[in-house]
Amino acid sequence: MVRDHKDSDITQPSLLSRPCLVVGNFCHDVLIRDGVVVGETLGGAASFISAVLEGLSVPYSLVSKVGPDFAYMSGRSPVVIPTSRTTLFHAHFDSEADGNGHGDRVLKRVSACDPIQPSDLPQTSFAFGMAVGVGGEVSPETLEQMLEICSVVFVDIQALIRDFDGVDGTVRLLELRESGFFRLLPRIGFLKASEDEAMFMDLEEVRKWCCVVLTHGKDGCTVYWKDGELEISPFAANQVDPTGAGDSFLGGFAAGLVHGLAVPDAALVGNLFGSLTVGQIGLPMFDSRLLQRVKDEVQRRKMQCVSGNERHDDERMFSKPAGHEQFHASLGAAKLIPTCMVQECQWDLPSSPSRAVEQAILNSIHEENINCVDGKP
């Protein structure tokens, strides 16, 4: 696991009164199925994670860069770089592919905003940090600075191993050992990876240095640490768009830990938000009644687990507390609360651009011959 003094920080109630730090660029996501544009949304891991943290009332600061072409409103204002364009991804989906999760997706980075430098980070301390770059914007030096100013750091492996084709920007993955981040593993608290991404690291080696959380899409997740592993149950979901599911998982997982839950219970919160995200196109909208119910269940669960045992070692942190299955059932029941109807295309949402702005964006950013959903170029 990580350093002892950081282990003990994870479940301290004072975390909620201390801000956290999210580092990663916002971006534009163009979703393309079978060559047809089906949506254009706010993207980037930082945007999905911010939505979860705000929904669960976790205070945080954001360091994110965009260009003057950024078309969305956000609860946290990113830094606008006048000489750069907002990071843009085209996500190509094939309806005939028999993929699971992201297996049927080809992701291309069309443009990239400026990277986030160590000097861009606040000169203060944080309870936890989240390194969640998507377009190569988080360097080893920036992550190292985060490790200096944050008590516990969560890292999405996509921030470490993504590489981009020099011709068309197709996302490729590198071996973790070959990246410049490998030396920092002993200082990382939690490393999140999908099944596809896990093939680019030696799990048995990495788990000796930090906790690894491996997501399995509709099958939940598995938590690995030096001395053991746990499978965490999923929640049923009707998948519409897998984009951002892992990001929402990580936001829910981190928020659960900040609220004082043990790792297995926090992973359930992560699974819940991952399942909620795949049911919508692009950045999800969480029903306020559902969010309140989840916060109530998390608080109730925290109080159930409070006891005279003040140990904060690995055994206590990673063991499933009594009532874990009941907590899963309670979160599942919260998910059944009737929610507002989700629109198939989210142009009319407050965080989305107007139709005129939408068309201008699509006209300016498409570098391929792509049809719009109504068949008009």
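On a predicted model such as this, the values are computed, not experimentally measured, just so you know.

**Student:** Explanation requested: the pairing of strand β15 (residues 221-225) in the structure shown.
**Tutor:** The side chains of a regular strand alternate, residue by residue, between the two faces of the sheet. Extensive coverage of β15 is indicated by the burial of 5 of its 5 residues. Neither face of β15 is left uncovered, since the one carrying Cys-221, Val-223 and Trp-225 and the one carrying Thr-222 and Tyr-224 both have all their residues buried. Bridging between strand β14 (residues 211-215) and β15 involves 4 bridges; their strand directions are antiparallel. In the sheet register, Thr-215 faces β15, and the bridge partner there is Cys-221. The pairing of β15 with strand β16 (residues 228-232) spans 5 bridges and is antiparallel. Across the sheet, residue Val-223 finds its bridge partner in β16, namely Leu-230. With antiparallel pairing between neighbouring strands as the criterion, β15 and β16 make up a hairpin whose turn holds 2 residues.

**Student:** Honestly, the sheet that holds strand β1 (residues 20-23) in this entry has me stumped. Any pointers?
**Tutor:** By definition, the strands of a sheet pair up through backbone hydrogen bonds, in either a parallel or an antiparallel sense. One open sheet accounts for 8 strands, arranged β4-β1-β9-β10-β13-β14-β15-β16; its pairing is mixed. Each of the sheet's edge strands pairs with one partner strand only, and the pair in question is β4 (60-63) and β16. The mean inter-strand angle of the sheet, taken between neighbouring strand axes irrespective of direction, is 15°. Seen against the sheet, helix α3 (residues 140-149) touches β1, β9 (126-131) and β10 (150-156) and runs at an angle of roughly 145° to β10. Helix-sheet contacts for helix α8 (residues 263-277) involve β13 (190-194), β15 and β16, and the interaxial angle to β16 is about 35°.

**Student:** Even after reading the chapter, I still don't get the packing of aromatic side chains, so can you show me in this structure?
**Tutor:** Geometrically, a pair of aromatic rings is defined through the distance of the ring centres and the angle of the planes. Within this structure, the stated rule accounts for 9 aromatic pairs. A centroid spacing of 5.1 Å and a plane angle of 15° characterise the contact between Phe-154 and Phe-190, whose relative ring orientation is stacked. Here Phe-154 is found in strand β10, whereas its partner Phe-190 is found in strand β13, with 36 residues between them in sequence. Look at Phe-190 and you get buried, because its relative accessible area is 2%. Relative to Phe-286, the ring of Phe-273 lies with its centre 5.2 Å away and its plane at 90°, an arrangement referred to as edge-to-face. Here the residue Phe-273 occupies a position in helix α8, and Phe-286 occupies one in the loop between α8 and α9 (288-305), the gap between them amounting to 13 residues. Accessibility expressed as a relative area gives 0% for Phe-273, which makes it buried. An aromatic cluster is built from Phe-128, Phe-154, Phe-190, Phe-249 and Phe-253, whose rings are joined through pairwise contacts.

**Student:** Would you mind going over the confidence of the model for the chain with me for this structure?
**Tutor:** Do not read the predicted coordinates in detail wherever pLDDT is low. Here the chain averages 84 in pLDDT, and 80% of its residues register 70 or above. Considering each helix and strand of the chain separately, the mean pLDDT is smallest for helix α1 (residues 4-9), with a value of 42, and largest for α3, with 98. Below a pLDDT of 50 lies the segment residues 1-8, which in the model reaches 25 contacts outside its immediate sequence neighbourhood of four places, other chains included. Overall, residues 98-103 carries pLDDT values under 50, and its contacts beyond four positions in sequence, including any with other chains, amount to 8 contacts.

**Student:** In this structure, what is going on with the sheet that holds strand β7 (residues 87-93)? I would like to understand it.
**Tutor:** Taken in spatial order, the 4 strands line up as β3-β2-β7-β8 in an open sheet, and their pairing is mixed. Both outer strands of the open sheet, β3 (36-43) and β8 (105-111), are each paired with one neighbouring strand and no more. For this sheet, the mean inter-axis angle between neighbouring strands, taken without regard to orientation, is 20°. Two elements, strand β2 (residues 27-33) and β3, share 7 bridges in a ladder whose sense is antiparallel. Its bridge partner lying in β3, Leu-31 is registered against Gly-39.

Rules used in this analysis
- Residues numbered from 1 in each chain as written.
- Predicted model: local features only at pLDDT ≥ 70, side-chain atom pairs only at ≥ 80, totals over all residues.
- Heavy atoms only, no water.
- Buried < 20%, exposed > 50% of the residue type's maximum accessible area, 1.4 Å probe, protein only.
- Helix = DSSP H or I, 4+ residues; strand = E, 2+ residues; numbered from the N terminus.
- Pairing = 2+ DSSP bridges.
- Axes fitted to C-alpha atoms, helices over the stretch in contact; angles between N-to-C directions.
- Contact = heavy atoms within 4.5 Å.
- Phe/Tyr/Trp six-rings, centres within 6.5 Å; stacked < 30°, edge-to-face > 60°.
- pLDDT = per-residue confidence, 0-100.

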